[in-house]
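Listed below are the residues making up each chain.
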Amino acid sequence: MPSPSDINGKLAILADAAKYDASCASSGSKRESKGGLGSTEGMGICHSYTPDGRCVSLLKILLTNYCIYDCQYCVNRISSDTPRARFTPEQVVKLTMDFYRRNYIEGLFLSSGIIQDSDYTMGQMIEVAKTLRERESFRGYIHLKTIPNAADDLIETAGQYADRLSINIELPTVGDLKTLAPEKKRPAIEQSMDRIKIKREEITSDRKRGLRVPQFVPAGQSTQMIVGATDSTDQDILNTSSVLYGTHQLRRVYYSAYSPIPHADARLPGMSPPLVREHRLYQADWLLRFYGFEASELTTPESQNLDLDIDPKLAWALRNRESFPIDVNRASREMLLRVPGIGERGVKRILNTRRHHAIRDEDLIRIGVSYKKARPFLITSDRHPEPLSLDSVGLRDRLRPRSVQLSLFDAFESAATGQV
């Protein structure tokens, strides 16, 4: 067992404790690197993925896994017997700079259990970021996890040094939080999110008026929800995500499958949910953010969880067959985005191609759409779907992908691209 008394032992404990937090992507930062060390650009011991598929490396650790809270789903809760360790802010700074100089990382993701109280812990994390920026001239990516119930002025200060802040909502409903994490209050979490949104809007407004103002969370804010720790459905999860995106302008919502922990509360399940559920939630999330879908369209009152056998866009199309087939040469961008097997890039290529000539069936393959999946839902200049093909009882089975073992890397890909 690693010793919590030496730096390597602390690193082993606190890096392992940080693995449960999925809200760790470094897209969107534009911090100027001139005159300092590090960069948020380019290729880079945790790997995160940007929306364009670029992989970056972050030192992902906790400041400490001691915690005064007793959230039942968390391995670091106060009642857990997990090995404990604690870094000083100076030790985190030294580790970050040492790893950066060895070209192991491009940035830092820092979270923490809560020690003494929320404000003290948040202050310790700010000290890390401030020292990196001001003393070490570090211009690499910094993602700070904000501490629940920390004062607004501390969160505002953190945003001046961090590229991204994340405030984890943890569980999809207020009832879930009351049951498993009563110390955490949904209104307080959302109040902090709103404070970050308002400050970002103020900064944007000042810059439009030509004022020189310091950066504030240039990569935005994100959150995480644990999937499968409670009986909440995918409908509950997606409704919460939709509200968070619309109300607080979050950059990302991350979904993390619940992982059973030692000596868990009897109310928690004994098994993790299937990894494909997390995969489908990322695909559904992509539809909410980029494809014009509403959360209410992705599930039904009768089936409140996403179909694990097929992706959520195909599931929607099969439930709404009366909307198809559509003419690929006439349909709007919004409707093309709803065709199974056609992603954003495919729609862009279709719109560009049809400016020059009518799209034929063979053009679809060259354009790069998933031809087998898209074909029943489209009319081209030389083909109309065979009669009654959309009414075929076996259409779902024909379009369903063959069963494969989903790996952890598939879930990473879902978080990175979400293309459906």
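See above for the structure.
Description of the structure in this document.

1. Observations concerning the packing of helix α4 (residues 152–161) against helix α6 (residues 186–208)
Part 1: The N-to-C vectors of α4 and α6 enclose an angle of 50 degrees; their axes lie 10 Å apart at closest approach. On the basis of the axis angle, α4 is oblique to α6. Here α4 and α6 pass one another in a crossing that is right-handed. Between α4, through Asp152, Ile155 and Glu156, and α6, the contact on the second element is made entirely by Gln191, Ser192, Arg195, Ile196 and Lys199.
Part 2: Along the lines of polarity and charge, the residues of the contact of α4 with α6 split into two nonpolar, two polar and four charged.

2. Brief notes about the packing of aromatic side chains
Part 1: Summed over the entire model, instances satisfying the criterion amount to seven aromatic pairs.
Part 2: Here the aromatic rings of Trp316 and Phe324 are separated by 6.0 Å at their centres, their planes lie at 85 degrees, and the arrangement is edge-to-face. Residue Trp316 shares its accessibility class with Phe324, and that shared class is buried.
Part 3: Among the aromatic residues, those joined into a ring-pair cluster are Phe293, Trp316, Phe324 and Phe377.
Part 4: Lying across the ring of Phe109, Lys60 places its NZ or CZ 5.5 Å from the centre.
Part 5: A cation sits over an aromatic face here: Arg338 above Trp316, 4.9 Å from the ring centre.

3. Concerning the environment of Ile379
Part 1: Within the element layout of this structure, Ile379 appears in strand β9 (residues 378–379).
Part 2: Linking Ile379 and Arg330, residues 49 residues apart in sequence, is a C-alpha distance of 9.6 Å.
Part 3: Leaving out residues up to four positions away in the same chain, Ile379 has contacts with Pro325, Ile326, Asp327, Val328, His384 and Pro385.

4. Quick word on the packing of α6 against helix α7 (residues 234–248)
Part 1: Contact geometry for α6 and α7: axes closest at 10 Å, N-to-C directions at 35 degrees. On α7, the residues that touch Arg186, Glu190, Met193, Asp194 and Lys197 of α6 are Thr240, Leu244, Thr247 and His248.

5. A word on the nonpolar core
Part 1: The biggest cluster of nonpolar side chains holds 106 residues, and the ones touching the most others in it are Tyr73, Leu110, Leu144, Leu238, Tyr255 and Phe377.
Part 2: Excluding residues that lie within four positions of it along the chain, Tyr73 makes contacts with Glu170, Leu171, Leu180, Ala181, Lys184, Ile226, Tyr258, Ile261 and Leu268.

6. Brief notes about helix α10 (residues 312–319)
Part 1: Counting buried positions along α10 yields seven of eight residues, so the element is predominantly enclosed.
Part 2: Taken together, the buried positions of α10 are occupied by Pro312, Lys313, Leu314, Ala315, Trp316, Ala317 and Leu318.
Part 3: Turning to α10, the residues buried within the fold contact α8 (275–290), α9 (295–298), α11 (333–336) and α15 (395–399).

7. Topic: unusual backbone geometry
Part 1: With an omega dihedral of 0 degrees, the bond running from Phe324 to Pro325 counts as a cis peptide bond.
Part 2: At Glu170, a residue that is not glycine, the phi angle is positive and equals roughly 70 degrees.
Part 3: Checked against the element boundaries, Glu170 lands in the loop between β5 (164–166) and α5 (174–180).
Part 4: Positive phi, close to 45 degrees, is recorded for Val217, a residue that is not glycine.

The rules behind each value
- Residues numbered from 1 in each chain as written.
- Predicted model: local features only at pLDDT ≥ 70, side-chain atom pairs only at ≥ 80, totals over all residues.
- Heavy atoms only, no water.
- Axes fitted to C-alpha atoms, helices over the stretch in contact; angles between N-to-C directions.
- Helix = DSSP H or I, 4+ residues; strand = E, 2+ residues; numbered from the N terminus.
- Parallel < 35°, antiparallel > 145°, perpendicular 65-115°, else oblique.
- Left-handed = near helix turned anticlockwise from the far one by under 90°.
- Contact = heavy atoms within 4.5 Å.
- Nonpolar A, V, L, I, M, F, W, Y, C, P; charged D, E, K, R; others polar.
- Phe/Tyr/Trp six-rings, centres within 6.5 Å; stacked < 30°, edge-to-face > 60°.
- Buried < 20%, exposed > 50% of the residue type's maximum accessible area, 1.4 Å probe, protein only.
- Lys NZ or Arg CZ within 6 Å of the ring centre and 35° of its normal.
- Core = buried A, V, L, I, M, F, W, Y, C linked by side-chain atoms within 4.5 Å.

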